[in-house]
Amino acid sequence: AGRPHAIILQHAPARRDYDGFPGYPIQPLADQIRAVELISGRPVVALTLNHEGMSREEIPAACAAMSAETGLPVVDPLSGDLGPILDRVEQIGGDGEDA
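> Hey, could you run me through the overall build of the chain in this one?
Looking only at helices and strands, one finds 3 helices and 3 strands in the chain. Along the chain, from the amino end to the carboxyl end, the secondary structure elements read β-α-β-α-β-α. Here the chain has a C-alpha radius of gyration of 14 Å; the compact-globule value for 99 residues is 13 Å, and the two agree. For the chain, the spread of C-alpha atoms along the principal axes amounts to about 35 × 30 × 25 Å. The contacts of the chain with a sequence gap of at least 6 include a subset with a gap of at least 24, amounting to 58%. When the accessible surface of the chain is totalled, it reaches about 6,300 Å², and 55% of it is carbon and sulfur.

Okay, here's the thing in structure tokens:
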């Protein structure tokens, strides 16, 4: 929306189907990232975790697993420190590439 320079993608790893679309399974995270980048022409530079259906204890491991899978910073914006994502956004130049 609004011609972004970069994208922060939110992912809900405990969900099985897209919200509001029962029977449409959520695709693997790497596929979602590729699709968003293809459609937008912009890079996904960080991820946020939607902790729906997860216990508070599961959140750090889920963030770590998503980060290991993608190489991107991942935080739960409702319960975690936003510093890693804010740092990444500050590194992005106006063209969406690393400054």
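> I'm lost on the pattern of salt bridges in this one. Help?
Two side chains of opposite charge can pair, provided their charged atoms sit close to one another. Enumeration over the complete set of coordinates arrives at 2 salt bridges. For the salt bridge of Glu52 with Arg15, the shortest nitrogen-to-oxygen distance reads 2.8 Å. Note that Glu52 is positioned in the loop between strand S2 (44-49) and helix H2 (59-70) and Arg15 in the loop between strand S1 (7-11) and helix H1 (29-40), a separation of 37 residues in sequence. The exposure class of Glu52 is partly exposed, given its relative accessible area of 39%. Note that Arg34 and Asp31 form a salt bridge whose closest N and O atoms lie 2.2 Å from each other. With Arg34 and Asp31 both in helix H1 and 3 residues apart, the pair spans about one turn of that helix. The exposure class assigned to Asp31 is partly exposed, which follows from its relative accessible area of 31%.

> Quick question: what am I supposed to make of the packing of aromatic side chains here?
Working definition: an aromatic ring pair is given by the centre-to-centre distance plus the angle between the planes. Counted under the stated rule, the structure contains 1 aromatic pair. Taken together, a centroid distance of 6.3 Å and an interplanar angle of 90° make the contact between Phe21 and Tyr24 edge-to-face. This pair shows no difference in class: Phe21 is exposed, exactly as Tyr24 is.

> Please clarify how the packing of H1 against H2 should be interpreted in this entry.
The relative placement of two packed helices comes down to the angle between their axes together with the axis-to-axis distance. It is the contact of H1 with H2, at a shortest axis distance of 10 Å, that shows an interaxial angle of 60°. Accordingly, the angle class assigned to the pair H1 and H2 is oblique. Note on packing geometry: the crossing formed by H1 with H2 is right-handed. The segment H1 lies against H2, with Leu29, Ala30 and Ile33 engaging Met66, Glu69 and Thr70. Here the residues of the contact of H1 with H2 are counted per class, giving 4 nonpolar, 1 polar and 1 charged.

The rules behind each value
Residues numbered from 1 in each chain as written. Predicted model: local features only at pLDDT ≥ 70, side-chain atom pairs only at ≥ 80, totals over all residues. Heavy atoms only, no water. Helix = DSSP H or I, 4+ residues; strand = E, 2+ residues; numbered from the N terminus. Rg over C-alpha atoms; globule rule 2.2 N^0.38 Å. Contact = heavy atoms within 4.5 Å. Areas by Shrake-Rupley, 256 points an atom, 1.4 Å probe, with all protein chains shown as cover. Salt bridge = Lys/Arg side-chain N within 4 Å of Asp/Glu carboxyl O. Buried < 20%, exposed > 50% of the residue type's maximum accessible area, 1.4 Å probe, protein only. Phe/Tyr/Trp six-rings, centres within 6.5 Å; stacked < 30°, edge-to-face > 60°. Axes fitted to C-alpha atoms, helices over the stretch in contact; angles between N-to-C directions. Parallel < 35°, antiparallel > 145°, perpendicular 65-115°, else oblique. Left-handed = near helix turned anticlockwise from the far one by under 90°. Nonpolar A, V, L, I, M, F, W, Y, C, P; charged D, E, K, R; others polar.

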